[in-house]
Amino acid sequence: MGSERVHVICFGNELHGDDGFGPAVHACLAAAPLPAHVRLLRADIAGLAAIGCFEGCQRAIVVDALRGFGPAGSLHALEPADFAADAARAEAPAGFHGAGLGALLQLLPAALDRLPQIRLIGVEAARVAPFSPGLSASVAARVGDAAAHIREAWQ
């Protein structure tokens, strides 16, 4: 498995509380050398512009904060089907500008010639608030766990 190209794609906005989970995991993973077959990417709030992050890999590990999957701080490994449809419905009231990870995951099969195997690693957010940087204690406590899970997955 170590020869498969793996992209770790971290989404989120570190200025919006627990939405900064993805960037925090990115920083944790970037603090140590990466295997040659792994590419670490920050997609932040790129939305549909992040399609290119999924190109040129056999596997993509997506990191983001979640809502509605369990108690605050709970860590989840999900398939896109477990997440995309509900997330896209939640994003829909905001129109095209609200197109987030759910809409992106639903669009990928039509946008890419070859779809990588995708796995979502997420933490249940406790607090998402605009212009409130910093993770809640329950989410911050899971950053290292998520990074360890991702390191295991790219072996």
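Calculation rules
Residues numbered from 1 in each chain as written. Predicted model: local features only at pLDDT ≥ 70, side-chain atom pairs only at ≥ 80, totals over all residues. Heavy atoms only, no water. Pairing = 2+ DSSP bridges. Helix = DSSP H or I, 4+ residues; strand = E, 2+ residues; numbered from the N terminus. Right-handed = clockwise from strand over helix to strand, strands pointing away. Buried < 20%, exposed > 50% of the residue type's maximum accessible area, 1.4 Å probe, protein only. pLDDT = per-residue confidence, 0-100. Contact = heavy atoms within 4.5 Å. Salt bridge = Lys/Arg side-chain N within 4 Å of Asp/Glu carboxyl O.

Q: Can you walk me through the pairing of strand β2 (residues 38-44) in this structure?
A: Regular strands have side chains that alternate between both faces of the sheet. Sheet topology note: the strand β1 (residues 6-11)/β2 ladder contains six bridges and is parallel. Of the residues in β2, the one forming a bridge with Cys 10 is Arg 42. In this region the chain leaves β1, passes through helix α1 (residues 21-30) and returns to the parallel neighbour β2; the handedness of that crossover is right-handed.

Q: What exactly am I supposed to notice about unusual backbone geometry here?
A: The backbone of Asp 44 sits at a positive phi, close to 45°, despite the residue not being glycine. Residue placement: Asp 44 occurs in strand β2. On the basis of relative accessibility, which here comes to 27%, the residue Asp 44 falls in the partly exposed class. Even without glycine at this site, Phe 131 takes up a positive phi of about 55°. The topology assignment puts Phe 131 in the loop between β5 (117-124) and α4 (137-140). Since its relative accessible area comes to 67%, Phe 131 is described here as exposed.

Q: Got a minute to help me understand the confidence of the model for the protein chain in this structure?
A: Close reading of the predicted structure is inappropriate where its pLDDT is low. With 88% of its residues at a pLDDT of 70 or more, the protein chain shows a mean pLDDT of 88. Confidence drops under pLDDT 50 across residues 91-99; counting only partners more than four residues distant or on other chains, this segment forms nine contacts.

Q: Is there a simple way to explain the side chain of His 26 in this structure?
A: For His 26, the location among the structural elements is in helix α1. Residue class for His 26 comes out buried when judged on its relative accessible area of 16%.

Q: Please explain the pattern of salt bridges as it appears in this structure.
A: Side chains bearing opposite charge may pair, as long as their charged atoms lie close to each other. Tallied over the full model, the rule gives five salt bridges. A salt bridge links Arg 119 to Glu 79; the nearest nitrogen and oxygen atoms lie 2.3 Å apart. In this pair, Arg 119 is assigned in strand β5 and Glu 79 in the loop between β4 (75-78) and α2 (80-91), connecting sequence segments 40 residues apart. The salt bridge partner of Arg 142 is Asp 145, with a shortest N-O separation of 2.8 Å.

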